[in-house]
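# Close look at the chain arrangement
One letter stands for each residue in the lines below.
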Amino acid sequence: MLRNTLTLLNRNTRLIQRPLSLSGTRYYHEKVIDHYEHPRNVGSFAKTETGVGTGLVGAPACGDVMKLQIKVDDDTGKIVDVKFKTFGCGSAIASSSFMTERVRGLTLDEAGQIKNTEIAKELCLPPVKLHCSMLAEDAIKAAIKDYRSKRTPNR
């Protein structure tokens, strides 16, 4: 009886340990993989740098945290540089990286109009990863709000 149980357990264990064949199956779109493996504009600005707005957002459900910073030309009101740091899954990193490319050169109002659906569509995110594109939208809005709050004189 014990021998049969051990043989059965050993056989089942081998089935579990055997790697699954995933040939032809892709979990992420090529665009997500590209932004994940070669993220654009990673980093942060020096605390002493002027004209910078910072957005720090997180998703408690999955643990993703995104910090997105914009540097704005005060004369033109356009975003001249963007940096990000993201702790999270590949889709969160790809969404951040894409957002940095998307907002560079835009005015604050134009950047604030970017919706998560545009990011999700561009990166071909599956429904289970839509919260990553929402984080990117929230991050740019938070960065714009922070920048504007620093420019408004205290009353």
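Please refer to the structure higher up on the page.
Values in this document were obtained by computation on a predicted structure and should not be read as measured data.

Cut-offs used in this document
- Residues numbered from 1 in each chain as written.
- Predicted model: local features only at pLDDT ≥ 70, side-chain atom pairs only at ≥ 80, totals over all residues.
- Heavy atoms only, no water.
- Helix = DSSP H or I, 4+ residues; strand = E, 2+ residues; numbered from the N terminus.
- Contact = heavy atoms within 4.5 Å.
- Salt bridge = Lys/Arg side-chain N within 4 Å of Asp/Glu carboxyl O.
- Buried < 20%, exposed > 50% of the residue type's maximum accessible area, 1.4 Å probe, protein only.
- Pairing = 2+ DSSP bridges.
- Axes fitted to C-alpha atoms, helices over the stretch in contact; angles between N-to-C directions.
- 1 Å grid on protein atoms, 1.4 Å probe; cavity = no way out; pocket = protein on both sides within 12 Å on 5 of 7 lines; lining within 4 Å.
- Points joined across faces, edges and corners; volume = space filled by probe spheres on them.
- Nonpolar A, V, L, I, M, F, W, Y, C, P; charged D, E, K, R; others polar.

### What about the overall build of the protein?
When its secondary structure is counted, the protein shows six helices and three strands. Relative to all contacts within the protein whose residues are 6 or more apart in sequence, the contacts with residues 24 or more apart total 62%.

### Here we look at the pattern of salt bridges
Counted by the stated rule, this structure contains ten salt bridges. Of the charged contacts, one joins Lys31 and Glu122 as a salt bridge, the two residues approaching to 3.2 Å between their closest N and O atoms. Of this pair, Lys31 sits in helix 2 (residues 30–37) while Glu122 is found in helix 5 (residues 116–123), placing the two residues 91 residues apart along the sequence. Taking relative accessible area as the criterion, Glu122 reaches 34% and is therefore assigned partly exposed. Between Asp109 and Arg148 there is a salt bridge; the shortest N-O distance is 2.7 Å. Of this pair, Asp109 sits in helix 4 (residues 108–112) while Arg148 is found in helix 6 (residues 130–151), placing the two residues 39 residues apart along the sequence.

### Some points on the side chain of Ser97
Examined against the element boundaries, Ser97 turns out to sit in helix 3 (residues 90–103). Among the residues examined, Ser97 registers a relative accessible area of 0% and is labelled buried. Look past the residues within four positions of Ser97 in its chain and what remains in contact with it is His35, Pro39, Arg40 and Phe84.

### Here's the deal with the sheet that holds strand 1 (residues 52–59)
Within a sheet, neighbouring strands are paired by backbone hydrogen bonds and run either parallel or antiparallel to one another. The strand order across the open sheet built from three strands is 1-2-3, with neighbouring strands paired in antiparallel fashion. The sheet is open, and its two edges are formed by strand 1 and strand 3 (79–87), each paired on a single side. Sheet twist, expressed as the average angle between the axes of neighbouring strands with direction ignored, equals 15°. Packed on one face of the sheet, helix 3 meets strand 2 (64–72) and strand 3 and runs near 175° to strand 3.

### Things to note about the layout of surface pockets
Computed from the structure, the largest pocket encloses a volume of approximately 150 Å³. If you trace the largest pocket, you find it lined by Ser44, Phe45, Ala46, Lys47, Glu49, Gly51, Val52, Thr54, Lys67, Gln69, Lys150 and Arg151. By residue class, the composition of the lining of the largest pocket is three nonpolar, four polar and five charged.

### Quick word on the environment of Ser95
Mapped onto the fold, Ser95 is located in helix 3. Overall, Ser95 belongs to the buried group, its relative accessible area being 0%. Along the backbone, Ser95 and Met134 are 39 residues apart, and their C-alpha atoms lie at a distance of 8.9 Å. Non-local contacts of Ser95, meaning those with residues more than four positions away in its chain, are made with Ile119, Leu123, Leu125, Cys132, Ser133 and Ala136.

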